[in-house]
Amino acid sequence: QKEVEQDPGPLSVPEGAIVSLNCTYSNSAFQYFMWYRQYSRKGPELLMYTYSSGNKEDGRFTAQVDKSSKYISLFIRDSQPSDSATYLCAISQGGSEKLVFGKGTKLTVNP
Amino acid sequence: NAGVMQNPRHLVRRRGQEARLRCSPMKGHSHVYWYRQLPEEGLKFMVYLQKENIIDESGMPKERFSAEFPKEGPSILRIQQVVRGDSAAYFCASSLETGTGIQYFGAGTRLSVL
């Protein structure tokens with residue numbers, strides 16, 4: 001079983017739609033949960049960070065963590081064409097600085 | 001405030017040559033990480049360094065790959081005798097502190113081996 005599983009998509013939605021992106025993980029020792037956005041041929045950009053179960057909101061973005069189910073989500077409200085990118089979940093374990101990434105979900109928002 | 005700087009952005013090498021990838025962390029950051037992204041694959045951790053020390057190299061291939069972060073100057077990822085399978089995007093990240101998982105990434109170096 002892989003440490004982090006993420007559906008690679010691709011996912012295509014119309015402008016204004018609500019987007020839901022998800023990852024599951026296998027190691028209950030993971031403590032820190034990140035979402036990165038990566039535009040084509042660019043480096044990953046940190047979008048959201050959380051370390052506890054529950055929701056964290058930042059503008060149109062909401063990160064959700066359910067440690068009991070080992071499940072993390074990123075919701076994008078009122079999606080825009082500029083949100084078209086690959087979204088990567090990343091998880092780390094306390095005591096280790098290594099980030100474990102999902103494969104990424106490629107999102108296209110159509111105008 | 002400049003972000004993580006990587007150079008070159010693109011590097012072409014022939015099989016058997018050496019590749020040197022450079023990374024300057026964000027100002028004030030003393031923790032540097034290298035990741036590799038193969039086509040259709042996610043980012044994979046390679047190595048974590050602090051100034052003059054390798055802290056975790058559990059993701060580094062056992063041969064041909066080395067990394068350093070000297071007291072002065074950028075961090076260097078060195079690949080000797082490159083093979084076609086080394087073709088990938090190599091990303092450097094840096095962090096201000098440890099224990100949070102928060103890392104900031106550079107734009108990457110895309111290595112192509114002919």
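Let me sum up the structure you'll find in this document. (Residues numbered from 1 in each chain as written. Chains lettered and ligands numbered in written order. Predicted model: local features only at pLDDT ≥ 70, side-chain atom pairs only at ≥ 80, totals over all residues. Heavy atoms only, no water.)

1. Notes on the sheet that holds strand 1 (residues 5-7) of chain B
Residues and elements named next belong to chain B. Basically, it comes down to this: A pair of strands is considered paired only if DSSP assigns at least 2 bridges between the two. Only runs of H or I of at least four residues qualify as helices and only runs of E of at least two qualify as strands under DSSP, and these elements are numbered from the N terminus. Orientation is described by lines fitted to C-alpha atoms, with helices fitted over the stretch in contact, and by angles between N-to-C directions that extend from 0 to 180 degrees.
Taken together, four strands build an open sheet; the order of strands is 1-3-8-7 and the sheet is antiparallel. At either margin of the open sheet sits one strand with a lone partner, and together these are strand 1 and strand 7 (65-68). Averaged over all adjacent pairs, the angle separating strand axes in this sheet is 15°, with direction ignored. Across five bridges, the pairing between strand 3 (residues 19-24) and strand 8 (residues 75-79) is antiparallel. The partner of Arg22 across the bridge, within strand 8, is Ile76.

2. Points about the pattern of salt bridges
All names here are of chain A. Applicable threshold: Whenever Lys or Arg places a side-chain nitrogen within 4 Å of a carboxyl oxygen from Asp or Glu, that contact is recorded as a salt bridge. A 1.4 Å probe rolled over the protein chains alone gives each residue an accessible area, and that area as a share of the maximum for its type sets the label: buried under 20%, exposed over 50%, partly exposed in between.
All told, the structure shown has seven salt bridges over all chains when counted by the stated rule. Here Glu57 makes a salt bridge to Arg77, at a shortest N to O gap of 3.5 Å. Of this pair, Glu57 sits in strand 6 (residues 54-58) while Arg77 sits in the loop between strand 8 (71-76) and strand 9 (85-93), placing them 20 residues apart in sequence. Residue classification places Glu57 among the exposed residues on the basis of a relative accessible area of 59%. For Arg77, a relative accessible area of 30% gives the class partly exposed.

3. Focus: unusual backbone geometry
Between B:Asn7 and B:Pro8 the backbone carries a cis peptide bond, its omega angle lying at -5°. The residue B:Pro8 is located in the loop between strand 1 and strand 2 (10-13) in this model. At A:Lys70, a residue that is not glycine, the phi angle is positive and equals roughly 55°. Counting through the fold element by element, A:Lys70 comes out in the loop between strand 7 (61-66) and strand 8. Relative accessible area serves as the criterion here: at 24%, A:Lys70 is assigned to the partly exposed category.

4. Re the side chain of B:Thr109
Residue and element names in this part refer to chain B. To keep it simple, the criterion reads: Residues adjacent in sequence count toward polar contacts only when both atoms are side-chain atoms; beyond that, a polar contact is any pair of N or O atoms within 3.5 Å, and within protein one must be able to donate a hydrogen and the other to accept it. Residue contacts are defined here by distance: any two heavy atoms, one from each residue, within 4.5 Å place the two residues in contact.
With respect to the element layout, Thr109 can be found in strand 11 (residues 109-113). By relative accessible area, Thr109 is classed as buried at 0%. For Thr109, the side chain forms a polar contact with the main-chain oxygen of Pro8, separated by 2.6 Å. Beyond its immediate sequence surroundings of up to four residues, Thr109 is in contact with Gln6, Asn7, Pro8, Arg9, Leu11, Leu21, Ala88, Ala89 and Tyr90.

5. Some thoughts on the pairing of strand 6 (residues 53-56) of chain B
By the bridge criterion, three bridges tie strand 5 (residues 43-50) of chain B to strand 6 of chain B in an arrangement that is antiparallel. Bridged to B:Gln50 within strand 6 of chain B is B:Asn53.

6. As for the packing of aromatic side chains
Test applied: Two rings from Phe, Tyr or Trp (for Trp, the six-membered ring) form a pair when their centres are within 6.5 Å of each other. A pair whose planes differ by under 30 degrees is stacked, one over 60 is edge-to-face, and the rest are tilted.
If you walk through the whole model with that rule in mind, you get eleven aromatic pairs over all chains. When the centroid spacing of 5.3 Å and the interplanar angle of 85° are considered together, the rings of A:Tyr36 and B:Phe105 count as edge-to-face. Placement of A:Tyr36 in strand 4 (residues 30-38) and of B:Phe105 in strand 10 (residues 104-105) is noted, with the two residues assigned to different chains. Summarising the burial analysis for this pair, A:Tyr36 and B:Phe105 share the class buried. With centroids separated by 5.8 Å and ring planes inclined at 75°, the aromatic side chains of B:Tyr35 and B:Phe45 adopt a geometry described as edge-to-face. One end of the pair, B:Tyr35, is in strand 4 (residues 31-37); the other, B:Phe45, is in strand 5, and ten residues separate them in sequence. You'll find B:Tyr35 and B:Phe45 in the same group, each marked buried. One aromatic cluster is present, built from ring pairs that chain together A:Tyr36, A:Phe101, B:Tyr35, B:Phe45 and B:Phe105.

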